[in-house]
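Residues per chain are reported as follows:
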Amino acid sequence: MAVDTAPAVTTPAPSQQSLKPTPRWRSREALTAWLFILPSLIGFLIFTAGPVVAAGVISLLNWNLFSAPTWAGLHNFARLGPDPTFWSALGNTAYFTLVSVPLTILVSLALALLLNQGVRRVAVLRSLLLLPYATITVAVAFVWIWLYIPHDGLVNAVLGWFGINGPEWLISDNWAMPALILMSVWKSFGFGMVVFLAGLQAIPQQLYEAGRVDGTSPWNSFRHITLPMLSPALFFVIVTSVIGSFQVFDQALIMTNGGPGTRTTTLVMYIYRTGFENYDQGYAAAQSLVLFAFIVVITAGQFLFQRRLVHYDN
Amino acid sequence: MTTEAMPLASNKALQRKLIVFACFLVTALTLIPVVMMILVAFQSDAESMAAKPSFWPSSWHPENLTRAFDLVPLGKYLLNTVYFAAGTTILETVTAALAAYAFARLNFPGRSWLFGIYLATLMIPSQVTLIPQFVLVAKLHGIDTWPGMILPHAFTAIGVFLLRQFFLGIPRDYEEAARLDGANRWQAFVRVIVPLAVPAIATLAVFKFIGQWNNLLWPLVISNSDATRTASVGLQVFQDTNGTQWNLLLMAATVTTIPLIVLFFLTQRWFVRGITMSGLGGR
């Protein structure tokens, strides 16, 4: 932890004895602590903890927001089974996650490794490569619709140079989801790249020098030095990317509106539709709890995996 | 280092040139969508809506900027976005810093279980709380109001968690010294801890601000008039009312994105440093 600002205190370091709190401080400590926590706690209870409990209750009700709710028991959860849109939304979300997360990781890692080769003006390139991350999803989603225009859009024009007849991206059953994924990888790789760059720059150079003396090949030094040292950063980026891709919404709403059919309807979009277009709040809450359960299971799985593969240097 | 090193060195130089070339190529490819957004924003109506899109404007139409603002109350939307993003950011940063200080430095009964509850909510996707939050705001007549927009998104566990991590790393001696000088907890927090934690607090603030500037779902649900409509929701209205008038739509998109890009470039030193210091990059 680098603290490079000198503390604005002039007293000499306190002696061992003075580290014990004086009685006056200790007696008031609990009260002081609660005063510090209170603003955050009130908001947290009302707007986070309360709503989580409420979601559980609402999932057990039939409720359209306008008339009085009636008790539904587990009916809303039972409805999930025979609902084809729910399963298709779940499948689409899994497809999106399984393709976009590894792609994003690969692209950001490759770029971080490239930039870390001591290219001069790394800061400038890094800033430019971070630009997609700093744009508004909704705004750039519109640009991507324009790039994906069938026949003569930029993407198909470039494919045409290579003699490839590009698909009608956003209205094609098979290509709408890959089109969304490509845009999403473009939008988000910058974040992972910065985390990886920070990680790479923290690896002690002596490790590589020792490897070089032993005649280690570049691939082996990547495998045995870079990857293990980078594993905490990798783990962090994977976990956050997975959680983020389970919640994908903005670009799908703007670029395909869930179509064609339900080919790009994601879980979050389905929850939004159920709750705020069909006013079926109980069913929407049940869906959100299932999404939550998936995230918990997958995140827990990643943490179990982490114990075996992530190397912490302490 | 003379004869034998020569071919090796030139090989290295070639390799280096290839790496630099690859870096620039990837950067150029990455920037295409952003450049296209700006170029199309300046095209004429006919050119931007032609069946065969062109990339470089054959004539430049800077008046598209004022036309975009005339078609949609874009200025109002942008101001609303600033209120929403700044309001949530300020509230979150201040309350999170206070709570994080207590969790990191003060002893009180129930500290560990309360912090445990905060941590547990980190994994909950915002969609779980979306419907109850909407119901709560609706019951309190908060739809289309600033408190209704801002308050539900101003208190998250992640801010408390990040700042607590950072505060734990600040040596206790600094605070002890202030205490010996007669400072109370509040003074120690404001004069010692906060100044030392500026990079971490700034990182949290930048992340939060970008996240909320980007937020589509919550404003879409809770705002239903121009009084509180944010730019990301406003762009959609744009598409609905004008079909796909690409030049004006992308001009509006450019205008909505530029403040964020500027903020990002001004603060990215903090941001990168914050990622490094929080140990996320490994050590």
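From a predicted model like this one, the values you see are computed outputs, not experimental measurements.

## Quick word on the overall build of chain B
Thought 1: Looking only at helices and strands, chain B features 14 helices and zero strands.
Thought 2: Going residue by residue from the N terminus, the α and β elements of chain B occur as α-α-α-α-α-α-α-α-α-α-α-α-α-α.
Thought 3: Along the longest, intermediate and shortest principal axes, the C-alpha atoms of chain B span 80 × 70 × 35 Å.
Thought 4: Long-range contacts, defined as pairs at least 24 residues apart, comprise 73% of the intrachain contacts of chain B with a sequence gap of at least 6.
Thought 5: The average position of the 19 basic charges and that of the 13 acidic charges among the side chains of chain B differ by 11 Å.

## Points about the overall build of chain A
Thought 1: Each helix and strand in chain A was counted, giving 12 helices and two strands.
Thought 2: The secondary structure elements of chain A, listed N-terminal to C-terminal, are α-β-β-α-α-α-α-α-α-α-α-α-α-α.
Thought 3: Looking at chain A as a whole, 51% of its 314 residues are labelled buried.
Thought 4: Taking contacts inside chain A between residues at least 6 apart in sequence as the whole, the part at least 24 apart equals 68%.
Thought 5: Accessible area of chain A: about 15,000 Å², with a carbon and sulfur share of 65%.

## A closer look at the packing of aromatic side chains
Residue and element names in this part refer to chain B.
Thought 1: Evaluation of the coordinates by the stated rule reveals 32 aromatic pairs over all chains.
Thought 2: Arranged with centres 5.0 Å apart and planes meeting at 50°, the rings of Tyr101 and Phe189 form a pair that is tilted. Highlighted residues: Tyr101 in helix α4 (residues 74-105) and Phe189 in helix α10 (residues 185-196), separated in sequence by 88 residues.
Thought 3: The exposure class assigned to Tyr101 is buried, which follows from its relative accessible area of 0%.
Thought 4: Exposure remark for Phe189: the relative accessible area of 5% places this residue in the buried category.

## Points about the nonpolar core
Thought 1: Judged by nonpolar contacts, the single largest core of 136 residues is most densely connected at Phe142(A), Phe196(A), Phe249(A), Met255(A) and Leu250(B).
Thought 2: Among the elements that make up this core, the one with the highest residue count is helix α7 (residues 176-201) of chain A (15 residues).
Thought 3: The contact partners of Leu250(B), leaving out residues within four places of it in the chain, are Phe142(A), Val143(A), Trp146(A), Met37(B), Val40(B) and Ala41(B).
Thought 4: Residues Ala33(A), Ala178(B), Ala183(B) and Ile201(B) belong to the second largest nonpolar core, which totals 37 residues.

## Focus on the pattern of salt bridges
Thought 1: For the structure shown, the criterion picks out 11 salt bridges over all chains.
Thought 2: A salt bridge links Asp152(A) to Lys52(B); its shortest N-O distance comes to 3.5 Å. Residue Asp152(A) is located in the loop between α5 (137-147) and α6 (154-161), and its partner Lys52(B) is located in the loop between α2 (45-49) and α3 (64-71); the two belong to separate chains.
Thought 3: Under the relative-accessibility criterion, Lys52(B) is labelled exposed at 59%.
Thought 4: Each of Glu29(A), Arg105(B), Glu175(B) and Arg185(B) takes part in one network of salt bridges that share partners.

## Focus: the interface of chain A and chain B
Thought 1: Between chain A and chain B, the residue contacts involve 102 residues of the former and 103 residues of the latter.
Thought 2: Across the chain A to chain B interface the summed buried area is about 9,600 Å²; carbon plus sulfur atoms make up 78%.
Thought 3: Summed over the shared surface of chain A and chain B, the number is two salt bridges.
Thought 4: Across the pair Glu29(A) and Arg185(B) runs a salt bridge, and its minimum N-O distance is 3.2 Å.

## Here's the deal with unusual backbone geometry
All names here are of chain A.
Thought 1: For the peptide bond that leads from Gly259 to Pro260, omega is -5°, which places it in the cis range.
Thought 2: Among the structural elements, Pro260 can be located in the loop between α10 (250-255) and α11 (267-276).
Thought 3: Of note in this structure, Asn257 is not a glycine but carries a positive phi near 50°.
Thought 4: Among the structural elements, Asn257 can be located in the loop between α10 and α11.

## Looking at helix α5 (residues 111-120) of chain B
Residue and element names in this part refer to chain B.
Thought 1: The complete set of buried residues in α5 reads Leu114, Phe115 and Tyr118. Looking straight down α5, one finds its buried side chains confined to an arc of 95°; they lie on one side. Opposite the packed face of α5, turned more than 90 degrees from it, sit the exposed residues Ser112 and Trp113.

## With respect to the packing of α7(A) against helix α9 (residues 218-246) of chain A
Residue and element names in this part refer to chain A.
Thought 1: Interhelical geometry of α7 versus α9 gives an angle of 155° and a closest axis separation of 9 Å. Comparing their axes, α9 and α7 come out roughly antiparallel. As for the relative orientation of α7 and α9, their crossing is right-handed in sense. Every residue of α9 that contacts α7 at Phe191, Gly192, Val195, Phe196, Gly199 and Leu200 is listed here: Thr226, Leu230, Ala233, Leu234, Phe236, Val237 and Thr240.
Thought 2: Classifying every residue of the contact of α7 with α9 gives nine nonpolar, four polar and no charged.

## A word on the environment of Lys187(A)
Thought 1: Looking at the secondary structure, you find Lys187(A) in helix α7.
Thought 2: On the accessibility criterion, Lys187(A) (8% relative accessible area) is buried.
Thought 3: Those residues in contact with Lys187(A) that sit more than four places away from it in its chain are Pro132(A), Tyr133(A), Thr135(A), Ile136(A), Thr137(A), Val140(A) and Asn214(B).

## Some details on the side chain of Asn247(B)
All names here are of chain B.
Thought 1: With respect to the helices and strands, Asn247 occurs in helix α14 (residues 246-277).
Thought 2: On the accessibility criterion, Asn247 (0% relative accessible area) is buried.
Thought 3: When sequence neighbours within four positions are dropped, the list of residues in contact with Asn247 reads Val40, Ala41, Gln43, Ser44, Asp45, Ser48, Asn64 and Arg67.

## Describing the environment of Val135(B)
Thought 1: By secondary structure assignment, the location of Val135(B) is in helix α6 (residues 126-139).
Thought 2: A relative accessible area of 10% means that Val135(B) is categorised as buried.
Thought 3: Excluding residues within four positions of it along the chain, Val135(B) makes contact with Ile58(A), Trp63(A) and Leu65(A).

## A word on the confidence of the model for chain B
Residues and elements named next belong to chain B.
Thought 1: Taken residue by residue, chain B gives an average pLDDT of 86. The fraction at 70 or more is 92%.
Thought 2: Contacts from residues 1-5, a stretch scored under 50 in pLDDT, to residues over four places away or in other chains number zero contacts.
Thought 3: Interface confidence for the predicted complex, expressed as ipTM, amounts to 0.84; the pTM equals 0.86.

## Notes on the confidence of the model for chain A
Thought 1: In this model, chain A carries a mean pLDDT of 85, and residues with pLDDT of at least 70 account for 89%.
Thought 2: Low pLDDT (under 50) marks residues 1-18 of chain A, which in the prediction has 19 contacts with non-local residues, meaning those over four places away or in another chain.

## Brief notes about the environment of Val190(B)
Residues and elements named next belong to chain B.
Thought 1: Within the element layout of this structure, Val190 appears in helix α10.
Thought 2: For Val190, a relative accessible area of 36% gives the class partly exposed.
Thought 3: Taking the C-alpha atoms as reference points, Val190 and Leu98, separated by 92 residues in sequence, lie 9.8 Å from one another.

Rules used in this analysis
- Residues numbered from 1 in each chain as written.
- Chains lettered and ligands numbered in written order.
- Predicted model: local features only at pLDDT ≥ 70, side-chain atom pairs only at ≥ 80, totals over all residues.
- Heavy atoms only, no water.
- Helix = DSSP H or I, 4+ residues; strand = E, 2+ residues; numbered from the N terminus.
- Contact = heavy atoms within 4.5 Å.
- Lys, Arg positive; Asp, Glu negative; His and termini not counted.
- Charge placed at Lys NZ, Arg CZ, Asp CG, Glu CD.
- Buried < 20%, exposed > 50% of the residue type's maximum accessible area, 1.4 Å probe, protein only.
- Areas by Shrake-Rupley, 256 points an atom, 1.4 Å probe, with all protein chains shown as cover.
- Phe/Tyr/Trp six-rings, centres within 6.5 Å; stacked < 30°, edge-to-face > 60°.
- Core = buried A, V, L, I, M, F, W, Y, C linked by side-chain atoms within 4.5 Å.
- Salt bridge = Lys/Arg side-chain N within 4 Å of Asp/Glu carboxyl O.
- Buried area = accessible area lost by both parts, 1.4 Å probe.
- Arc of directions from axis to C-beta.
- Axes fitted to C-alpha atoms, helices over the stretch in contact; angles between N-to-C directions.
- Parallel < 35°, antiparallel > 145°, perpendicular 65-115°, else oblique.
- Left-handed = near helix turned anticlockwise from the far one by under 90°.
- Nonpolar A, V, L, I, M, F, W, Y, C, P; charged D, E, K, R; others polar.
- pLDDT = per-residue confidence, 0-100.

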